[in-house]
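Summary of structural features
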Amino acid sequence: MQQKESFFRSIGRDNRYIVGNLFYAYFAQGFALIMLGAILPVLKADYALDYQVGGMLLSVQSVGYAVAGLGAGFLPLYFGLKNSFILLTSGVAIGMGMLLVSGNPVWLLIAMALIGISKGAVTNYNNQIMSDLARGNAGPLNMLHAFFAIGACIAPFAVLFCSKVDASGWRLAAAIATAAAVLGLLAMSRMKLDNTRASGGKAEKSAVSFGFFWEKIFWVTVLIVFFYQCIEASMMGWLTSFFVDSGVMTNDFAQVVTSALWIALLVGRFSCSGLALRFRPYQMIVVMAAGQLGFLYLLIHSHSFAMMMVATVGLGLRMSGMYVTSVSNAGDLFARYPVCMGFFVLLTSMGAVVAPSAVGMVANVAGMRTGLAVLLIAAVALIVMAVYNAVMVCGRAVRKHAVKHHA
């Protein structure tokens, strides 16, 4: 507690207001994005959409995320950080509102692309601004990411509540998410971001190096996160549909189980912070990858509520620290190459683009359980890359020790 208080005292009143907005932006994003997965079964039924279109909606959101991740760094040079932040993050309010207007597939695809752009912008700007303010203190960044998980935990319960209040509950839920996003935009208009724009202009004007493309650790880490994103994006978008279509539980109860996944993710993220002090990233990646394959297999082949619940919580715990740990696995790569992160986000996000559509296409023909089984391919590939990464890192350490001993 002392560390948190000293951080808030040290940054001043204006920056405390900015940090409050960052927390709320992540909370609102988690609330809206997980709500999309929660309402997808009834939205799909209401607009008479098939699994293939549902998968495309999830995939185009990831396309928007990838585009925003690559382009958000350049917009502040022309529009300023505050204006860019507000402009790009307005996508979630516009997109969620568009879902209420029409079920035309093209219209819905545009809406989901805007939501994806907002997701990418919030992720980019939130982490950039908080990193500048925290000055190497990991505590505020961990707290920031916790707010996304809090919003994600609440979303399914909000959908459940709305379904009890109104016959067309998904519309009320989407309207609440829209209002929450608009409230965040209004609050952002009062932010003073002058103190956090130091990294916006000078870095991009200096010489840009693309040397990371020739480093093996970059491509290995990209593939690890690519296969992880296949699993993560598909689970977030299709999990509620899987629970409902499995016949094991009702739509209302499926919302509760979806929240259990996010509670597990929240607990796991805090646990990984402690485990990272005792274990190397490559060791944690192998364990988490193996756990994802095991629990995913259990989830797909389970037909009882108890086992599906165990599999869901276990999967959430194993997925929780995968992204951050993988970034740590790359060492100082992102510090040495400032433009590396944008390309990293773009390349790894392709997993979140391809996999949900693949799940939807297979589910359209053979059912959701078979559709979700497609992810086992990504889970096996993830383990292969995790083991290869461990061998590579250990081999490099042995060679370095041998050279040092020989010298």
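Placed above this text is the structure.
Since this is a predicted model, take the numbers as computed values, not measurements.

Some details on the overall build of the protein
Tallying secondary structure elements over the protein gives 19 helices and 0 strands in all. The burial tally for the protein puts 50% of its 407 residues in the buried class. When contacts within the protein are restricted to residue pairs at least 6 apart in sequence, those whose partners lie at least 24 apart make up 82%. Carbon and sulfur atoms make up 68% of the accessible area of the protein, which totals about 18,000 Å².

Focus: the layout of surface pockets
Here the second largest pocket defines a volume of roughly 240 Å³. If you go around the second largest pocket, the residues you meet are Gly268, Ser271, Cys272, Leu275, Phe279, Gln283, Met284, Val287, Met288, Leu317, Arg318 and Ser320. Those elements giving two or more residues to the lining of the second largest pocket turn out to be helix 12 (251-275), helix 13 (281-301) and helix 14 (305-319). Split by residue class, the lining of the second largest pocket holds 7 nonpolar, 4 polar and 1 charged.

Overview of the nonpolar core
General note: in soluble globular proteins, nonpolar side chains tend to be found buried as a group. Counting 120 residues, the largest nonpolar core has Met35, Ile129, Met235, Phe243, Trp262, Leu299 and Leu372 as the members making the most contacts within it. Contacts of Leu299, omitting those with residues within four sequence positions, involve Met235, Leu239, Phe242, Phe243, Met308, Ala311, Thr312, Leu315, Arg369 and Leu372.

Thoughts on empty space enclosed by the protein
All chains considered together, the criterion is met by 3 cavities of 30 Å³ or more. Along its surface, the largest cavity is lined by 15 residues, and Ala25, Ala28, Thr89, Val92 and Val122 are the ones closest to its centre. Looking at the lining of the largest cavity, the elements with two or more residues in it are helix 2 (12-46), helix 7 (105-134) and helix 9 (169-188). With 5 residues, helix 2 is the single largest residue contributor to the lining of the largest cavity.

Section: helix 15 (residues 322-329)
Of the positions making up helix 15, those classed as buried are Met322, Thr325, Ser326 and Asn329. Considered in projection along helix 15, the buried side chains sweep an arc of 100 degrees and stay on one side of the axis. Positioned one or two residues after helix 15, Gly331 has a phi angle of 65 degrees, which is positive.

Regarding the packing of helix 2 against helix 11 (residues 216-245)
Where helix 2 contacts helix 11, the two axes come as close as 7 Å, and the packing angle between them is 30 degrees. The hand of the helix 2/helix 11 crossing is right-handed. Residues Ile34, Gly37, Ala38, Leu40 and Pro41 of helix 2 touch helix 11, and the partners they reach there are Met236, Gly237, Trp238, Thr240 and Ser241. Taken together, the residues of the contact of helix 2 with helix 11 break down into 6 nonpolar, 4 polar and no charged.

Concerning the side chain of Ser349
Of note, Ser349 is situated in helix 17 (residues 340-366). Residue class for Ser349 comes out buried when judged on its relative accessible area of 0%.

Description of the packing of helix 11 against helix 17
Two numbers describe how helix 11 lies on helix 17: the axes approach to 7 Å, and their chain directions differ by 40 degrees. By the angle between their axes, helix 11 is oblique relative to helix 17. Considering the relative orientation of helix 11 and helix 17, their crossing is right-handed. Note on element contacts: helix 17 touches helix 11 through Cys340, Phe344, Leu347, Thr348, Met350, Gly351, Ala352, Ala355, Pro356, Val359 and Gly360, opposite Phe218, Trp219, Thr221, Val222, Val225, Phe226, Gln229, Cys230, Ala233, Ser234 and Trp238. Split into classes, the residues belonging to the contact of helix 11 with helix 17 amount to 16 nonpolar, 6 polar and no charged.

Concerning the pattern of salt bridges
Under the defined criterion, the tally for this structure stands at 1 salt bridge. Asp46 is the salt-bridge partner of Arg171, the closest N and O atoms lying 3.9 Å from each other. In this pair, Arg171 is assigned in helix 9 and Asp46 in helix 2, connecting sequence segments 125 residues apart. Relative accessible area serves as the criterion here: at 44%, Asp46 is assigned to the partly exposed category.

Quick look at a nonpolar patch on the surface
Judged by side-chain polarity, Phe74, Leu77, Tyr78 and Phe79 come together as a nonpolar surface patch covering roughly 470 Å² of accessible area. As for its placement among the helices and strands, Leu77 is situated in helix 4 (residues 76-79).

Some words on the packing of aromatic side chains
Counting across every chain of the model gives 14 aromatic pairs. With centroids separated by 4.5 Å and ring planes inclined at 5 degrees, the aromatic side chains of Phe23 and Phe147 adopt a geometry described as stacked. A residue pair is termed long-range when its members are at least 10 positions apart, and Phe23 in helix 2 and Phe147 in helix 8 (residues 138-165) qualify at 124 residues. Taking relative accessible area as the criterion, Phe147 reaches 26% and is therefore assigned partly exposed. Seen in terms of ring centroids, Tyr24 and Phe27 are 6.2 Å apart; in terms of plane orientation they differ by 40 degrees. Their pairing is tilted. A residue pair is termed a helical-turn pair when its members lie 3 or 4 positions apart in one helix, as Tyr24 and Phe27 do in helix 2 at 3 residues. In this structure Phe27 comes out as partly exposed when scored by relative accessible area, which is 22%. What links up through ring pairs into an aromatic cluster is the set Phe212, Phe213, Phe218 and Trp219. A cation over a ring is seen here: Lys44 above Tyr51, with NZ or CZ 4.3 Å from the ring centre. Across the ring face of Tyr65, the terminal group of Lys119 is positioned such that the distance to the ring centre comes to 4.9 Å.

How each quantity is defined
Residues numbered from 1 in each chain as written. Predicted model: local features only at pLDDT ≥ 70, side-chain atom pairs only at ≥ 80, totals over all residues. Heavy atoms only, no water. Helix = DSSP H or I, 4+ residues; strand = E, 2+ residues; numbered from the N terminus. Buried < 20%, exposed > 50% of the residue type's maximum accessible area, 1.4 Å probe, protein only. Contact = heavy atoms within 4.5 Å. Areas by Shrake-Rupley, 256 points an atom, 1.4 Å probe, with all protein chains shown as cover. 1 Å grid on protein atoms, 1.4 Å probe; cavity = no way out; pocket = protein on both sides within 12 Å on 5 of 7 lines; lining within 4 Å. Points joined across faces, edges and corners; volume = space filled by probe spheres on them. Nonpolar A, V, L, I, M, F, W, Y, C, P; charged D, E, K, R; others polar. Core = buried A, V, L, I, M, F, W, Y, C linked by side-chain atoms within 4.5 Å. Arc of directions from axis to C-beta. Axes fitted to C-alpha atoms, helices over the stretch in contact; angles between N-to-C directions. Left-handed = near helix turned anticlockwise from the far one by under 90°. Parallel < 35°, antiparallel > 145°, perpendicular 65-115°, else oblique. Salt bridge = Lys/Arg side-chain N within 4 Å of Asp/Glu carboxyl O. Patch = residues over 30% accessible without salt bridge, like charges linked within 9 Å, V, L, I, M, F, W, Y side chains within 5 Å. Phe/Tyr/Trp six-rings, centres within 6.5 Å; stacked < 30°, edge-to-face > 60°. Lys NZ or Arg CZ within 6 Å of the ring centre and 35° of its normal.

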